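Structure assessment
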Amino acid sequence: MKKTLPRLGAPLLTILFSILLMTYVSSLADPDLGDSAFRLYRTAMLLTSFMALLAFLMDMGKGIRLQSMILSLSVLSSCGCTIQFLLGNIRDHLVYQVLFMAAAALVFLFLAGKCAVSDRLFYLAAAGVVLLLALNYFLGQAPPGGFTTARLWLFVGGVSIQPGEMVKILLIFLGAASYRKWQRCAVSFALCLSSCLILLKLSDMGNAAVIFLILVVQVFYLLDSWKLALLLVTGAFTAFAWLIRHSAYASARLSNWGHAMERPGGVHQQADLLEAILFGGLINGVGADHAGSLKSIYAIDSDMALGALLAVFGAGILFIVLGAYVILIWQAAGNHSVYPFSHLVLVQASMLIFAQVFLNFGGSIDLIPFTGITAPLLSLGGSSMVCFGALTGMCFAAECPILKSADSLARETENVDILSNLLKFGSRYLKAAAYRLKEVICTVLKKDTEN
Amino acid sequence: MHRSEKRYRKLILALALVLLVMLPASLIRISLAASQISARTFTERTGRSSVITDRKGGVLSGGETDFDSVVGNLTGNGWSADNTISRRYAGKLKPSGFNALTGEAGLSDRSWKSLETTLLPVQDQVTLKDAFRGKRGCLFSYNYKTGEVYTLLSLPSASFLAAGEENTDDGRLLNRCLDASYISGSTMKVVTTICALEQDPSLAEASYDCGGRFETEGGMDVTCLGDKEGGHGTHDLVGALGVSCNVYFAQLIRTLNVDQAAQTLRQLGFTVNGISGSSLKNVGELDKTVSSTSFIDYKAGSLWSLIGQGSTQVNVIDMAMIAGAAAGGGEAALPCVIAGEAKGKTKTLYSPETASLLSGYWSKATEQYYRDGGKGLTSLIDMAKTGTAEQGDGTVNRLLMGVSREKQTAFMIVVENWQEGDPMPADIANTLMPLLP
């Protein structure tokens, strides 16, 4: 914990800011969304500027990588807040969301900066995967309303949890901790494969696909074999073809693909979304004032979040959002970390982000089969938010440019308790920010005098 | 690690590119969706409607009153009805200026297209609907030279909005001309005659004796519903068509070559023994069902198929085309509902020789048996054949197929669950004739 804390500063601040800003956004939200456009843009601008300020504050290791990642994250989270605010959902889910964000912060606190994972921690996480899958398999339920028969949810005291989301993050953790450790590799591969199959059995095709891609990355990296990875992909396609022939659920899902406008089997959501996009116009969108009319589309705020954004703001927003995702993926995978653990976390994370965005957006507009998976940072969702929080945490820990100084600093402050550590690093950031500001001001003044 | 890392960066670059490629791909998908939006969706979203008119420009759908139920649910008035003009011709009905870039804003100043059908005007359709006197059934009529469809009446029918509160189990949201097939009854005897004439015209010159019963190998004897005790006596094809003699046709069928007959049936549009031939599956963009029968041997079941009971199920459009070809030299125009869509496309159903022989026998039979003393058919109708189809539940459907040379019209009428005192199809045909252009 002592070693971890110093590296926590930046990401922890990000999460704290997010919570504060979401509280602020919700305080603006009125039950009737009249005159919402003005407030919307104000909120969005505020969010982005806060996040940009954060990025500025963190520009200490002169890392363009980290900066661009934070900017991408800030753009995405402000887009996410905006669309959820427009769909009128932030207010309803605020407490829920904040609790989950806090939980994410805790998970992150635990995971971030673990460069060497002990056997005990590894097998604890593996046991966690088994437990979650078992819970999902035996106690998983379909959501009320009969929209889907996929048994993905656990309902605990009025809160719904998707164990599949957490399994993904744990599997990334396990894979990352298996470098050059063959026993762990075997465990990790076996767990990936079995969770993939169990989720397929539960009709959670989206998460199964994401986990399968994670498995491919693990095989590619840990065994250093692209041939095996290719074989795996080929095998998966064969298995998928078999599944379509033999599973009524899979074939029904697939037969709907490309026929959304015909409303196959009374499924309306994709057709409704496509119509909303078209009637708003690709340039204009339906506009912020009419965003509320999208609320009636089932799962618009989660499974179709990116599509909803497109419907409200037009195609321009797609360039921004997809651009932000591309930066996030590219920068995460481009890391040359000295720790294999950090590197593996980042490459798996980039694959996860890619898969989720691809499935979410492509599915919602009927470009690929619809799977009902969330888009990171845009979709409303408890489990997925926690998990993405944890993932971001791991990524930041891997990327954190103050790694070295923090390490040495941690050695110096070995006997300091958590609270004073936090305070110390809070003041450290403030000092650094002040120094940076001073530097900028000096540069500007210097230029002025030169002129 | 280093090697993989390099490769992986390439892979990730590819993934990032995939996300970027999604941009144009999604725009293409969305534009495709634009072409799939139905006119109904436009109406719902904009509160404005496209107009479907009859052949004289009277509004059938999209005006202040909706006549969807009058013309057999054909114009389309709800999500559940898919086989309708507003759905299938959505591309032609959409406002001309809609483009996906500007969306709804681009709709405001644009004109809506209207679509003219070839259907008879609403008041005429109401007259025909009244002629059914509340019975279920259907009436198809069309010009066998040009292909213009005059009526696709289907009863009962209801607009979607009203149907929400009514019982829709009786298929009132369907169009029975397009979506249904009926047991043919004796109208099938015209088809049997064509089979004989196509094989050997001399087959039709024979006379057979009807003793009221014809014994078959399969046990199920062919019996005549003849009004005379002990059968109809000896008669030729004209007489057999006129009185609809089952025993005569049973004997005629026994002289047919089974394979050749099946071939002819397929040429006429039937699916025979599960193998389809040159069946007509569409009326313009609308789907239609296909007639089917089975004819394997001379045993009872097969015999009955060609007499008109058993496994024969006919679509009224197919039968009207077969009738029309008798007056059209073996060719009948493909039916179409939208004005200008008929481009004189025809389908050859049988040879001109067969057509001329058939029309000779059939006209004579109609003249001798269907006028004032018999069915009371108007002289505008040159050829006609009635049918009585017994249903599984003991009820009876009355059918009539016919041709009017003067009006260039072929038609088929079905009155379902006919009971004493109900309108005869011939009465409805007599009502139809003066309404035709």
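Since the model is a prediction, treat every value here as computed from it, not as a measurement. In every chain, residue numbers begin from 1 and rise along the written sequence. Chains carry letters from A onward and ligands carry numbers from 1 onward, assigned in written order. Side-chain atom pairs in this predicted model are given and counted only at pLDDT of 80 or more, local residue features only at pLDDT of at least 70, and totals for whole chains, interfaces and linings cover all residues.

Right, let's talk about the overall build of chain B for a bit. If you tally the helices and strands in chain B, you get 15 helices and 21 strands. Looking at the 437 residues of chain B, the share that counts as buried comes to 51%. Residues are defined as contacting one another if the C-beta atoms placed from their backbone atoms lie within 7 Å. When contacts within chain B are restricted to residue pairs at least 6 apart in sequence, those whose partners lie at least 24 apart make up 63%. What counts as a helix is a DSSP run of H or I of at least four residues, what counts as a strand is a run of E of at least two, and both are numbered from the N terminus. Neighbour counting defines burial: a residue surrounded by 20 or more other C-beta atoms within 10 Å of its own C-beta is buried, one with 12 or fewer is exposed, and intermediate counts give partly exposed, using backbone-placed C-beta atoms.

It is worth spelling out the overall build of chain A at this point. Along its length, chain A carries 17 helices and two strands. When the 451 residues of chain A are sorted by exposure, 49% land in the buried category. For chain A, long-range pairs separated by at least 24 residues make up 74% of all intrachain contacts whose partners lie at least 6 apart in sequence.

With that settled, the discussion passes to unusual backbone geometry. In most cases, non-glycine residues show a negative phi, while peptide bonds are predominantly trans. Residue and element names in this part refer to chain B. One non-glycine residue with positive phi stands out, namely Asn 273, at about 50°. Note on placement: Asn 273 falls in the loop between β11 (271–272) and β12 (275–276). Given 16 C-beta atoms within 10 Å, Asn 273 falls into the partly exposed group. We note that Asn 417 has phi near 45°; this positive angle belongs to a residue other than glycine. Position of Asn 417 relative to the elements: it lies in the loop between β21 (409–415) and α15 (425–435).

What follows concerns the pairing of strand β20 (residues 396–404) of chain B. Remark: a regular strand shows side chains that alternate across the two faces of the sheet. All names here are of chain B. The element β20 is largely enclosed, with a buried count of eight among its nine residues. The hairpin turn running from strand β19 (residues 383–390) into β20, its antiparallel successor, is five residues long, and Gly 394 in that turn takes a positive phi close to 90°. Here, strands pair whenever DSSP counts at least two bridges between them. Judged from the seven bridges that link them, β20 and β21 form a sheet pairing that is antiparallel. Directly across from Leu 399, in β21, lies its bridge partner Val 414. Counting the residues that bridge the hairpin from β20 to β21 gives four residues, and of these Gln 408 lies at a positive phi of roughly 50°.

Nonpolar cores are identified as sets of buried Ala, Val, Leu, Ile, Met, Phe, Trp, Tyr and Cys residues joined via C-beta atoms within 7 Å. Grouped together as the largest cluster of nonpolar side chains are 239 residues, with contacts concentrated most on A:Ile214, A:Leu309, A:Ile329, B:Phe140 and B:Ala320. The greatest single-element share of this core, amounting to 15 residues, is contributed by helix α14 (residues 340–364) of chain A. Mapping this core onto the domain boundaries places at least three of its residues in each of domain 1 (36–105) and domain 2 (124–435) of chain B. If we skip the residues at most four places from it in the chain, A:Ile214 touches A:Lys168, A:Leu171, A:Ile172, A:Gly175, A:Cys192, A:Gln348, A:Met351 and A:Leu352. The domain limits used here are those given by an automatic or database domain assignment.

Whenever strands of a sheet pair, they do so through backbone hydrogen bonds, lying parallel or antiparallel. All names here are of chain B. Pairing within the open sheet is antiparallel, and its five strands lie in the order β5-β4-β21-β20-β19. Each edge of the open sheet is held by one strand with a lone partner, namely β5 (149–155) and β19. Between one strand axis and the next, the sheet turns by 5° as a mean value, whatever way the strands run. Sitting on the sheet, helix α13 (residues 316–327) touches β4 (137–143), β19, β20 and β21, and the angle it makes with β21 is about 145°. Here the axes come from fitting lines to C-alpha atoms, over the contacting stretch only for helices, and the angles between their N-to-C directions go from 0 to 180 degrees.

This part takes up the interface of chain B and chain A. Taken residue by residue, the interface counts 32 residues in chain B and 36 residues in chain A. The element that contributes the greatest number of residues to the side of chain B that touches chain A is helix α1 (residues 2–36) of chain B, accounting for 21 residues. Side-chain classes follow a simple rule in which Ala, Val, Leu, Ile, Met, Phe, Trp, Tyr, Cys and Pro form the nonpolar group, Asp, Glu, Lys and Arg form the charged group, and the remainder, Gly included, forms the polar group. Its residues placed into classes, the side of chain B that touches chain A shows 19 nonpolar, seven polar and six charged.

Moving on: the sheet that holds strand β2 (residues 59–61) of chain B. All names here are of chain B. Read from one edge of the open sheet, three strands run β2-β1-β3, paired in mixed fashion. A single partner strand is all that each edge strand has here, and the edge strands are β2 and β3 (114–116). Each strand axis lies, on average, 35° off the axis of its neighbour in the sheet, ignoring direction. Bridge count for strand β1 (residues 51–53) against β2 is two bridges, and the pairing is antiparallel. Within β2, the position partnered with Thr 53 by the bridge is Val 59.

Of all the positions in helix α2 (residues 39–46) of chain B, only B:Ala39, B:Arg40 and B:Phe42 are classed as buried. For α2(B), the angular spread of the buried residues around the axis is 160°, confining them to a single face. What the arc describes is the spread of directions from the helix axis to the C-beta atoms.

Bringing the environment of A:Leu86 into the picture now. Position of A:Leu86 among the secondary structure elements: in helix α3 (residues 64–86). Considered as a pair, A:Leu86 and A:Ala288 are 202 residues apart in the sequence and their alpha carbons are 6.8 Å apart.

To continue, consider the pairing of β5(B). Residues and elements named next belong to chain B. β5 sits mainly inside the fold: seven of its seven residues count as buried. Judged from the six bridges that link them, β4 and β5 form a sheet pairing that is antiparallel. Bridge pairing links Cys 138 to Ser 154 in β5. If you look at the hairpin formed by β4 and β5, you'll find five residues sitting between the two strands, and Gly 147 has a positive phi there, around 90°.

Further remarks concern the environment of B:Phe140. All names here are of chain B. You can see Phe 140 is positioned in strand β4. By C-beta crowding, Phe 140 is classed as buried, having 31 other C-beta atoms within 10 Å. Between the C-alpha atoms of Phe 140 and Ile 317, which are 177 residues apart in sequence, the distance is 6.6 Å. Those residues in contact with Phe 140, other than ones at most four positions away along the chain, are Thr 151, Leu 152, Cys 177, Val 316, Ile 317, Ala 320, Phe 411 and Met 412.

Okay, the confidence of the model for chain B next. Residue and element names in this part refer to chain B. Every residue carries a pLDDT, the predictor's confidence in it, which falls somewhere between 0 and 100. Mean pLDDT for chain B: 82, with 87% of residues reaching 70 or above. Element-level pLDDT for chain B is lowest in helix α6 (residues 160–163), with a mean of 47, against a maximum mean of 93 in β21. Here the complex is predicted with pTM 0.63, and the ipTM for its interfaces comes to 0.73.

Now for the packing of helix α7 (residues 182–201) of chain A against helix α8 (residues 205–222) of chain A. All names here are of chain A. It is the contact of α7 with α8, at a shortest axis distance of 8 Å, that shows an interaxial angle of 160°. Our classification of the angle between α7 and α8 gives roughly antiparallel. Note on packing geometry: the crossing formed by α7 with α8 is left-handed. Across the interface between the two elements, Cys 185, Ser 188, Phe 189, Cys 192, Leu 193, Ser 195, Cys 196, Leu 199 and Leu 200 of α7 pack against Met 205, Asn 207, Ala 208, Ile 211, Phe 212, Ile 214, Leu 215, Gln 218 and Leu 222 of α8. Across the contact of α7 with α8, the residue classes tally to 14 nonpolar, four polar and no charged. By definition in this entry, angles of less than 35 degrees are roughly parallel, angles greater than 145 are roughly antiparallel, angles of 65 to 115 are roughly perpendicular, and the rest are oblique. Left-handed is the label given to a crossing in which the near helix is rotated counterclockwise from the far helix by less than a right angle, and right-handed is the label when the rotation is clockwise.

Residue and element names in this part refer to chain A. It is at 10 Å that the axes of helix α6 (residues 163–176) and α8 come closest, and there the two elements cross at 0°. The angle between α6 and α8 falls in the class roughly parallel. Across the interface between the two elements, Gly 164, Lys 168, Leu 171, Ile 172 and Gly 175 of α6 pack against Asn 207, Val 210, Ile 211, Ile 214 and Gln 218 of α8.

All names here are of chain A. Residue-level pLDDT values for chain A average 74, and 68% of them are 70 or greater. Across chain A, the element-wise mean pLDDT spans from 44 in helix α16 (residues 403–412) up to 91 in α7. Low pLDDT, under 50, characterises residues 1–9; the predicted model gives this stretch 24 contacts beyond four residues in sequence or across chains. Here residues 29–35 is a poorly scored stretch, pLDDT under 50, and it has five contacts once near neighbours within four places are set aside; other chains count.

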